[in-house]
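# Summary of the model geometry
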Amino acid sequence: AIQLTQSPSSLSASIGDRVTITCRASKGISRALAWYQQKPGKVPKLLIHDASSLESGVPSRFSGSGFGTDFTLTISSLQPEDFATYYCQQFNEYPLSFGGGTKVEI
Amino acid sequence: EVQLVESGGGLVQPGGSLRLSCAASGFTFDNHWMHWVRQAPGKGLVWVSRINSDGTDTRYADSVRGRFTISRDNSENTLYLQMNSLTIEDTAVYHCTRDPNTPGAFFDYWGPGILVTVSS
């Protein structure tokens, strides 16, 4: 099974900061990666799929990049509503798997 | 508007069974693969199972294979998860999720989830 390792597991940032979260796969997954945002008490929200395709309605300050084993989610200018936990998910092969999450805090 | 609403959760003893349902609306249900994803309290997301559009192909996480069965009734726009031989480790909120009609298996809509608690 493919393991996804996210780093950092948590980070502290300020409004307006540029934030980068990484996700490393235990084997190559091409571009078969999605990113989700989850706020406390809410369901996850799809942000990006296929490594860099922005889901409709997601602000353009979110971007994704990567191929193979190394991926990044970048928030160009952190907004108050962006404080949440972020998960990566691979869909290159079954069983599907998620990273452990990155909590973005003030 | 896409809606996914789970039901059937609750408290069950170890070794017991539960059947979760997910009522889907607002989209053409039989066009989409569907998944179950769970989240233990305070923990991360874990993919559980997937079923294809017509119900002929299913996949499972290693941790539930042989104990859980995913199925669907396209005439009723309903997804199911039969859970047998439950253990304490199965305690989680179970989300019904939709797979968009693109190559790949990710989740564009999520139900609010239903809590399953396995405890004696």
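Residues numbered from 1 in each chain as written. Chains lettered and ligands numbered in written order. Predicted model: local features only at pLDDT ≥ 70, side-chain atom pairs only at ≥ 80, totals over all residues. Heavy atoms only, no water.

## What about the overall build of chain B?
As a reminder of what qualifies: Helix numbers and strand numbers start at the N terminus; a helix is a DSSP run of H or I with at least 4 residues, a strand a run of E with at least 2. Here the globule rule is a power law, 2.2 Å times the number of residues to the power 0.38, and the radius of gyration is based on C-alpha atoms. Burial classification: accessible surface area is computed with a 1.4 Å probe over protein chains only, and a residue below 20% of its type maximum counts as buried, one above 50% as exposed, and the rest as partly exposed. Contact definition: two residues touch when any of their heavy atoms are within 4.5 Å. Each accessible area is a Shrake-Rupley result for a 1.4 Å probe, and residues are judged covered by the shown protein chains and nothing else.
Looking only at helices and strands, one finds 0 helices and 11 strands in chain B. The N-to-C order of helical and strand elements in chain B reads β-β-β-β-β-β-β-β-β-β-β. What you see for chain B is a C-alpha radius of gyration of 13 Å, in line with the 14 Å of a compact globule of 120 residues. Relative to its 120 residues, chain B shows a buried fraction of 49%. Residue pairs in contact within chain B that sit at least 24 positions apart in sequence constitute 53% of those at least 6 positions apart. Carbon and sulfur atoms provide 47% of the accessible area of chain B, an area that totals close to 5400 Å².

## A closer look at the state of the cysteines
Note the following rule: When the sulfur atoms of two cysteines come within 2.5 Å, that pair is taken as a disulfide.
Evaluation of the coordinates by the stated rule reveals 2 disulfides over all chains. Residue pairing for Cys23(A): its cysteine sulfur links by disulfide to Cys88(A), the two sulfurs lying 2.1 Å apart. On the sign convention where negative means left-handed, the S-S torsion of about 75° between Cys23(A) and Cys88(A) marks this disulfide as right-handed. Of the two residues, Cys23(A) sits in strand 3 (residues 19–25) while Cys88(A) sits in strand 9 (residues 85–90), which places them 65 residues apart along the sequence. We note that Cys23(A), like Cys88(A), is buried. Between the sulfur atoms of Cys22(B) and its disulfide partner Cys96(B) the distance amounts to 2.1 Å. Handedness of the Cys22(B)-Cys96(B) disulfide follows from its S-S torsion of about -70°: it is left-handed.

## Focus on the packing of aromatic side chains
The geometry of an aromatic ring pair comes down to the distance between the two centres and the angle between the two planes. As a reminder, the rule being used: Only rings of Phe, Tyr and Trp enter the pairing, Trp through its six-membered ring, and a pair is recorded when the two centres are within 6.5 Å. The plane angle decides the type: under 30 degrees is stacked, over 60 is edge-to-face, the rest tilted. For a ring to carry a charge above it, either NZ of a lysine or CZ of an arginine must fall within 6 Å of the ring centroid while also lying within 35 degrees of the normal to the ring plane.
With the rule as written, the count across this model stands at 9 aromatic pairs over all chains. Centre to centre, the rings of Tyr36(A) and Phe107(B) are 6.0 Å apart; their planes meet at 25°, and the pair counts as stacked. Within this pair, whereas Tyr36(A) is found in strand 4 (residues 33–38), its partner Phe107(B) is found in the loop between strand 9 (92–98) and strand 10 (109–110), the two belonging to separate chains. Note on accessibility: Tyr36(A) and Phe107(B) belong to one class, buried. Ring geometry for Phe91(A) against Phe106(B): centres 5.0 Å apart, planes inclined by 50°, an arrangement best described as tilted. One end of the pair, Phe91(A), is in the loop between strand 9 and strand 10 (97–98); the other, Phe106(B), is in the loop between strand 9 and strand 10, on a second chain. Grouping residues by exposure puts Phe91(A) and Phe106(B) together as buried. Taken together through their ring pairs, the aromatic side chains of Tyr36(A), Phe98(A), Phe107(B) and Trp110(B) make up a single cluster. Above the face of the Trp33(B) ring, Arg50(B) is positioned so that its terminal group lies 4.2 Å from the ring centre. Across the ring face of Phe29(B), the terminal group of Arg72(B) is positioned such that the distance to the ring centre comes to 4.3 Å.

## A word on the pairing of strand 3 of chain A
Residue and element names in this part refer to chain A. As a reminder, the rule being used: Strand pairing requires that DSSP identify at least two bridges connecting the strands.
Covered by surrounding structure in strand 3 are Val19, Ile21, Cys23 and Ala25 only, the residues Thr20, Thr22 and Arg24 on the alternate face being uncovered. Judged from the 6 bridges that link them, strand 3 and strand 8 (residues 70–75) form a sheet pairing that is antiparallel. Across the sheet, the residue bridging to Arg24 is Asp70, located in strand 8.

## Comments concerning the interface of chain B and chain A
Worth spelling out the cut-off: Joining two parts hides part of their accessible area as seen by a 1.4 Å probe, and the buried area is that hidden amount summed over both. Polar contact is defined as a pair of N or O atoms within 3.5 Å, subject to the rule that within protein one atom must be able to donate a hydrogen and the other to accept it, and that residues adjacent in sequence are counted only when both atoms are side-chain atoms. Classification convention: Asp, Glu, Lys, Arg as charged; Ala, Val, Leu, Ile, Met, Phe, Trp, Tyr, Cys, Pro as nonpolar; all other residues, Gly among them, as polar.
Taken together, the contact pairs 22 residues of chain B with 16 residues of chain A. In this assembly, chain B packs against chain A so that about 1600 Å² is buried in total across both faces, 69% of it on carbon and sulfur atoms. It is Leu45(B), Trp47(B) and Phe106(B) that lose the most area in chain B upon contact with chain A, and together they represent 38% of the buried surface on that side. At the boundary of chain B with chain A, the tally comes to 4 residue pairs in polar contact (both at pLDDT 80 or more). In terms of residue class, the side of chain B that touches chain A is made up of 12 nonpolar, 6 polar and 4 charged.

## Overview of the nonpolar core
Test applied: Put simply, buried Ala, Val, Leu, Ile, Met, Phe, Trp, Tyr and Cys residues joined by side-chain atoms within 4.5 Å make one nonpolar core.
The biggest cluster of nonpolar side chains holds 43 residues, and the ones touching the most others in it are Phe98(A), Trp36(B), Leu79(B), Leu81(B), Met83(B) and Tyr94(B). Counting only elements with at least two residues in this core, the list comes to strand 4 of chain A together with strand 3 (18–25), strand 4 (34–39), strand 5 (45–51), strand 7 (68–73), strand 8 (78–83), strand 9 and strand 11 (114–118) of chain B. Setting aside residues up to four positions removed in sequence, Leu79(B) forms contacts with Leu20(B), Ser21(B), Cys22(B), Phe29(B), Met34(B), His35(B), Trp36(B), Ile51(B), Ile70(B), Ser71(B), Arg72(B) and Cys96(B). Counting 25 residues, the second-largest nonpolar core is a separate cluster that includes Ile2(A), Leu4(A), Ala25(A) and Leu73(A).

## Some words on the sheet that holds strand 1 (residues 4–7) of chain A
Residue and element names in this part refer to chain A. The test is simple: With axes taken as lines fitted to C-alpha atoms, and helix axes fitted only over the stretch in contact, angles between N-to-C directions fall between 0 and 180 degrees.
Taken in spatial order, the 4 strands of this open sheet run 1-3-8-7, and their pairing is antiparallel. In this open sheet, the two strands that pair with only one neighbour each are strand 1 and strand 7 (62–67). Averaged over neighbouring strand pairs, the angle between their axes works out to 15° when direction is ignored.

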